[in-house]
Amino acid sequence: MKLSTNHLLGIKDLTPQDIRLILDTAQQFKEVLQRPVKKVPSLRDVTVVNLFFENSTRTRISFELAEKRLSADVLNFTSSASSVSKGETMLDTVNNILSMKVDMVVLRHSASGAPHFLAKHISAAIINAGDGINEHPTQALLDALSMEEALGGSLNGKKIAIIGDIMHSRVALSNIYLLTKLGAEVTVAGPPTLIPKYISEAFGVKVSYNIKETLQWCDIANVLRIQLERQNQPLFSSLREYNLAYGISRKLLESLGKKVVIMHPGPINRGVELDSDVADGHESIILQQVENGVAVRMAVLYLLANRES
Amino acid sequence: MKTIFTEPQINLTIQRLAHQVLENHPGLEDTVIIGMQPRGIYLSDKIVGELSRQILPGKLNYGKLDITFYRDDVRKQLHVPNKTDINFSIENKQVVLIDDVLYTGRTIRAALDALLDFGRPAKVELCVLIDRRFSRQLPIQPDYAGKVIDALITQKVIVQWKEKDPLTQVIITE
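Quantities reported herein were computed from a predicted structural model and do not represent experimental measurements.

Reading guide: rules and limits
- Residues numbered from 1 in each chain as written.
- Chains lettered and ligands numbered in written order.
- Predicted model: local features only at pLDDT ≥ 70, side-chain atom pairs only at ≥ 80, totals over all residues.
- Heavy atoms only, no water.
- Helix = DSSP H or I, 4+ residues; strand = E, 2+ residues; numbered from the N terminus.
- Rg over C-alpha atoms; globule rule 2.2 N^0.38 Å.
- Buried < 20%, exposed > 50% of the residue type's maximum accessible area, 1.4 Å probe, protein only.
- Contact = heavy atoms within 4.5 Å.
- Lys, Arg positive; Asp, Glu negative; His and termini not counted.
- Charge placed at Lys NZ, Arg CZ, Asp CG, Glu CD.
- Domains from an automatic or database assignment.
- Buried area = accessible area lost by both parts, 1.4 Å probe.
- Pairing = 2+ DSSP bridges.
- Axes fitted to C-alpha atoms, helices over the stretch in contact; angles between N-to-C directions.
- Salt bridge = Lys/Arg side-chain N within 4 Å of Asp/Glu carboxyl O.
- Phe/Tyr/Trp six-rings, centres within 6.5 Å; stacked < 30°, edge-to-face > 60°.
- Arc of directions from axis to C-beta.
- Polar contact = N/O pair within 3.5 Å; in protein donor to acceptor, adjacent residues only side chain to side chain.
- Nonpolar A, V, L, I, M, F, W, Y, C, P; charged D, E, K, R; others polar.

Draft legend 1. Structural view of the overall build of chain B. Along its length, chain B carries three helices and eight strands. Each helix and strand of chain B, ordered N terminal to C terminal, gives the series β-α-β-α-β-β-α-β-β-β-β. Here chain B has a C-alpha radius of gyration of 16 Å; the compact-globule value for 174 residues is 16 Å, and the two agree. If you line up chain B on its principal axes, its C-alpha atoms span 45 × 40 × 30 Å. Every one of the 174 residues in chain B was classed for burial, and the buried ones make up 52%. Contacts in chain B between residues at least 24 apart in sequence constitute 67% of all its contacts with a sequence separation of at least 6. The centroid of the 23 positive side-chain charges in chain B is displaced by 4 Å from the centroid of its 22 negative side-chain charges.

Here it is as structure tokens:
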């Protein structure tokens, strides 16, 4: 049994069997992370470079920790402190790094499709750690693992809402691909200006502009960050108005009369998409998501490091 | 395909192995039993079943170990991991490792590495149902062996259990 792909560019390319293999392997790595020695020698002979052309806290630390827990050698690259600021292209940068015998590349880039471009030109295994507004596959995988844990089993037939800035969110797209492949029912909700036209026809998801109705319907709400850095024109009047119409407050949750699990990929805009007492409340599994992130990334690295042909 | 060990013979041997373990570890004081995933646990389940008839229940520490992440051929061949379940410390304990077939010794080499991540055992012993002597690639020998056999490198020795296979038996295939 192995993955059907040599890179993890997006959930779009994965089969449901690939997703199952990654999530099952991640379960075993979760057990490793509970041991007195939280480290295994699997990738002793593998060198991984973390290429971050865009800022990140969680994803970069999570990948680095996953690599170290697998005993890989780790190189960290941040574009702001590199020759990229002197005008070197991404491909030149990567080829220079690879000529120093690096086996795997973890790439984050603000341009959608950057890892796909790289995959056409280099032979090392590439893991997409977020590309522009396209995909963020490891986030969707860790979200799925956290959802399965929260609901105690398969996501088939479960009702999942993705709420907020669907238009600019790579987490939303990866989540939609993954959840529909696992047989979940998906509703995207938010202001009309932040939900792409024809998304329902393209991906088979439901669309709602009413947060309360959506929460009433769903088992889990994955709430996304408003991505102000990717919006070059105002798409809603103010953050305060967004919070009033689409933010999730304690009062709103309590008016539902049912329990909805709250997720958020971070970083949270507190008081915008989530109020603090919701983000830190008992419905929230935000920190479990972060914990699962390391195990999921270990699974992806482990499964892609293998070069069986 | 040739059957070299039938179910009644295997059952007798399992009883013997359990008694030998108990002989060396009276009352299983400070002793833990660890079965090797995926195929060794059928044997370890049965040995633990025998042992728990001899000593007070609840005194027996029994865990399962998967060595996939410690293999020396991770990059050549992909192995899907199984569940590891060791919810006790093995620090200063006498560990009895149980697997079905001892062949090259590489699995046990990986298991010794893996065990160290759960603590520093006082002693590690190895118990196997089948010892394929003369085919070792590492200096590893069993402390308890059910049956010693001489098989060619080209032959496969497979232990089947009726929990998952049609019959409980040990076969040699070319």
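There's more to say after this.
Draft legend 2. Region of interest: the domain arrangement of chain A. All names here are of chain A. Taken domain by domain, chain A comprises domain 1 (11–135 + 290–305) and domain 2 (137–289). Distance from the C-alpha centre of domain 1 to the C-alpha centre of domain 2: 25 Å. Opposite the 32 residues of domain 1 that make contact, domain 2 presents 29 residues. Counting each side, the surface lost to burial between domain 1 and domain 2 is near 2,500 Å², with a carbon and sulfur contribution of 59%.

Draft legend 3. Summary view of the sheet that holds strand S2 (residues 31–36) of chain B. Residue and element names in this part refer to chain B. The strand order across the open sheet built from five strands is S3-S2-S4-S5-S6, with neighbouring strands paired in parallel fashion. The strands lining the two open edges of the sheet, one partner per strand, are strand S3 (61–65) and strand S6 (144–149). Taking the axes of each pair of neighbouring strands and ignoring which way they run, one obtains an average angle of 25° across the sheet. Contacts from helix H1 (residues 7–24) reach S2, strand S4 (94–102), strand S5 (123–132) and S6 within the one sheet, and its direction differs from that of S6 by about 140°. The strands touched by helix H3 (residues 106–116) are S2, S3, S4 and S5; relative to S4, the strand with the most contacts, the crossing angle is about 155°.

Draft legend 4. Spatial organisation of the pattern of salt bridges. Enumeration according to the criterion identifies 21 salt bridges over all chains in this entry. Between Arg53(B) and Glu50(B) there is a salt bridge, with its nearest N and O atoms 3.5 Å apart. Of this pair, Arg53(B) and Glu50(B) both sit in helix H2 (residues 40–54), three residues apart, which is roughly one turn of the helix. With its nearest N and O atoms 2.8 Å apart, the salt bridge here joins Arg109(B) to Asp113(B). Taken together, the positions of Arg109(B) and Asp113(B), both in helix H3 and four residues apart, correspond to about one turn of that helix. The class of Asp113(B) is partly exposed, set by a relative accessible area of 30%. Here the residues in one salt-bridge network are Arg20(A), Asp24(A) and Glu148(A), joined through shared partners.

Draft legend 5. Structural context of the packing of aromatic side chains. This structure, assessed with the given rule, holds eight aromatic pairs over all chains. An angle of 70° between the planes, with centres 5.8 Å apart, marks the rings of Phe29(A) and Tyr302(A) as edge-to-face. Within this pair, whereas Phe29(A) is found in helix H1 (residues 16–32), its partner Tyr302(A) is found in helix H12 (residues 286–305), the two being separated by 273 residues in sequence. Put simply, the rings of Phe29(A), Tyr302(A) and Phe69(B) touch in pairs and so form one group of aromatic residues.

Draft legend 6. View of unusual backbone geometry. All names here are of chain A. Note the cis peptide between Gly-266 and Pro-267, where omega equals -10°. Position of Pro-267 among the secondary structure elements: in the loop between strand S9 (261–263) and helix H11 (276–279). Despite not being glycine, Lys-101 shows a phi value in the positive range, around 65°. Considering the arrangement of structural elements, one finds Lys-101 in the loop between helix H3 (90–98) and strand S3 (104–109).

Draft legend 7. Highlighting H3(A). Residues and elements named next belong to chain A. Burial in H3 covers these residues: Met-90, Thr-93, Val-94, Ile-97 and Leu-98. Seen from one end, H3 has its buried residues packed into an arc of 130°, which puts them on one side. Among the structural elements, strand S1 (47–52), strand S2 (73–78), S3 and helix H4 (114–121) are those in contact with the buried residues of H3.

Draft legend 8. Just the interface of chain B and chain A, in detail. On the chain A side, the residues contacting the 18 residues of chain B number 26 residues. Between chain B and chain A lies a buried interface of about 2,000 Å² when both sides are counted; carbon and sulfur atoms form 56% of it. Counting every contact that joins chain B to chain A gives zero salt bridges. Counting the contacts that link chain B with chain A gives five residue pairs in polar contact (both at pLDDT 80 or more). For the side of chain B that touches chain A, the residue count by class is eight nonpolar, five polar and five charged.

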